[in-house]
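# Working through the structure, step by step
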Amino acid sequence: MDPESTSLQWIDTHCHLDAREFAPDRDAVVARARAAGVTMQVIPAVAPGNFDAVRELAHRHGLAYALGIHPLCVGAAADEDLDRLVQALEAHQGDPRLVAVGEIGVDLFVPGLVAIRPRQERFYREQLRIARRFGLPVLVHVRRSADVVLAGLRRIEVAGGIAHAFNGSDQQAGHFVERGFRLGFGGSVTFETAHQIRRIATSAPASALVLETDSPDIPPHWLYRTAAERAAQSPPLPQARNEPGEVAGIARSLAALRGVSLAELAVLTRANAIAVMPRLAEL
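Residues numbered from 1 in each chain as written. Predicted model: local features only at pLDDT ≥ 70, side-chain atom pairs only at ≥ 80, totals over all residues. Heavy atoms only, no water.

## Section: the pairing of strand S5 (residues 138-141)
Heads up, the condition is: Burial here depends on accessible area, computed with a 1.4 Å probe over protein chains only, as a share of the maximum for the residue type. Under 20% is buried, over 50% is exposed, and the range in between is partly exposed. Here a strand is any run of E in DSSP of at least two residues, a helix any run of H or I of at least four, and the numbering for each starts at the N terminus. What makes two strands pair is DSSP finding at least two bridges between them.
Neither face of S5 is left uncovered, since the one carrying Val138 and Val140 and the one carrying Leu139 and His141 both have all their residues buried. Bridge count for strand S4 (residues 98-105) against S5 is 4 bridges, and the pairing is parallel. From the neighbouring strand, Ile104 faces S5, where its bridge partner is Val140. The pairing of S5 with strand S6 (residues 161-164) spans 4 bridges and is parallel. By the bridge assignment for S6, Leu139 is matched with Ile162.

Given below as structure tokens:
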């Protein structure tokens, strides 16, 4: 573990700590993150069924959370789930640990989701309206959908947010930044073959950068195993689990790309996260 990075304070702006992959050792995961200097995590919900779970985890561990309906969950969602989101936000609007509406957005990568694109877009737009009503920023899912997500933001202005796991073009990055959004960089930026993401991570305004893991998903290169590598073991190895503590390592990659010190990046990304999710300042 790098002594310099662990002496700094990092924020993981997107971590699914409630995921079943963390069930065996969730407390230890949080402890390891704190040992790595990750003093704050934002835990986004994906559906009404885990609204209580993310809130309880945030309070138990001194973290933050967001409430929303993920595009991957829209197919199974009922229209009434939008009402449940409103009810939950009304019930907890005074909770300082509730920092955003999310994870929301559109996914045009998964074939089954492309088929229900109109429903995805409707849920996305309605959740933007809900976020605007409560004055909260949004955590948006933009997998192959940056233009669609941006179109929604042009129609329905919200109090900023984060383009989570940003993977779009330079032009799309610029449009998000113009609307007061930050760009979330995680494990993908650690891969030397991720040329476009690394280029944007280098050229984006310093004020646009925030760090995230999306754990247990999107592992950095030092955790990633190809399907062939996993199958070569007997029994086959599972994919490596990402954790919020990996933010410090991701930060080293980003700092190297931009030619800045870890200390400078820690101060910068923390300030950016607080600027876009102001309630973090009180936590």
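## Some words on the pattern of salt bridges
Where we set the bar: A pair is scored as a salt bridge if a Lys or Arg side-chain nitrogen falls within 4 Å of a carboxyl oxygen belonging to Asp or Glu.
Throughout the structure, instances matching the rule amount to 14 salt bridges. The salt bridge involving Arg32 is made with Glu243; its shortest N-O contact spans 2.9 Å. One end of the pair, Arg32, is in helix H2 (residues 26-35); the other, Glu243, is in the loop between helix H10 (227-231) and helix H11 (247-258), and 211 residues separate them in sequence. A residue is classified by how much of its surface remains accessible, and Arg32, at 36% relative accessible area, is partly exposed. The closest approach of N and O atoms between Glu90 and Arg133, which form a salt bridge, is 2.7 Å. Taken as a pair, Glu90 in helix H4 (residues 80-92) and Arg133 in helix H6 (residues 117-134) lie far apart in primary sequence, 43 residues in all. On the basis of relative accessible area, Arg133 is assigned to the exposed category, the value being 53%. Several salt bridges share partner residues, and in doing so they unite Asp25, Arg32, Arg241 and Glu243 into one network.

## Brief notes about the pairing of S4
Spelled out, the test is: We call a crossover right-handed when, viewed with the strands running away from us, the connection from the first strand over the helix to the second turns clockwise.
Where burial is concerned, most of S4 is hidden: 8 out of the 8 residues are buried. Pairing analysis gives 3 bridges linking strand S3 (residues 64-67) to S4, with the strands arranged parallel. Along S4, the bridge assignment pairs Tyr65 with Leu98. Read from S3 through H4 to S4, the crossover connection turns out right-handed.

## Section: the packing of aromatic side chains
Our working rule: Aromatic pairing here means that ring centres of Phe, Tyr or Trp (its six-membered ring) are within 6.5 Å. Orientation follows from the plane angle: under 30 degrees is stacked, over 60 is edge-to-face, and everything else is tilted.
By the definition in use, this model includes 3 aromatic pairs. Relative to Phe181, the ring of Phe176 has its centre 5.8 Å away and its plane inclined at 55°; by these criteria the two rings are tilted. Phe176 gets classed as buried once you look at its relative accessible area, which sits at 0%. Judged by relative accessible area, which is 2%, Phe181 ranks as buried. Each ring, one from Phe191 and one from Tyr224, has its centre 5.7 Å from the other, and the planes form 85°; the classification is edge-to-face. Pair noted here: Phe191 is in the loop between strand S7 (181-185) and helix H9 (195-203) and Tyr224 is in the loop between strand S8 (209-211) and H10, with a separation of 33 residues, a long-range link. For Tyr224, a relative accessible area of 40% translates into the label partly exposed. Among the aromatic residues, those joined into a ring-pair cluster are Phe166, Phe176 and Phe181.

Purely geometric stuff here, so don't read any function into it on its own.
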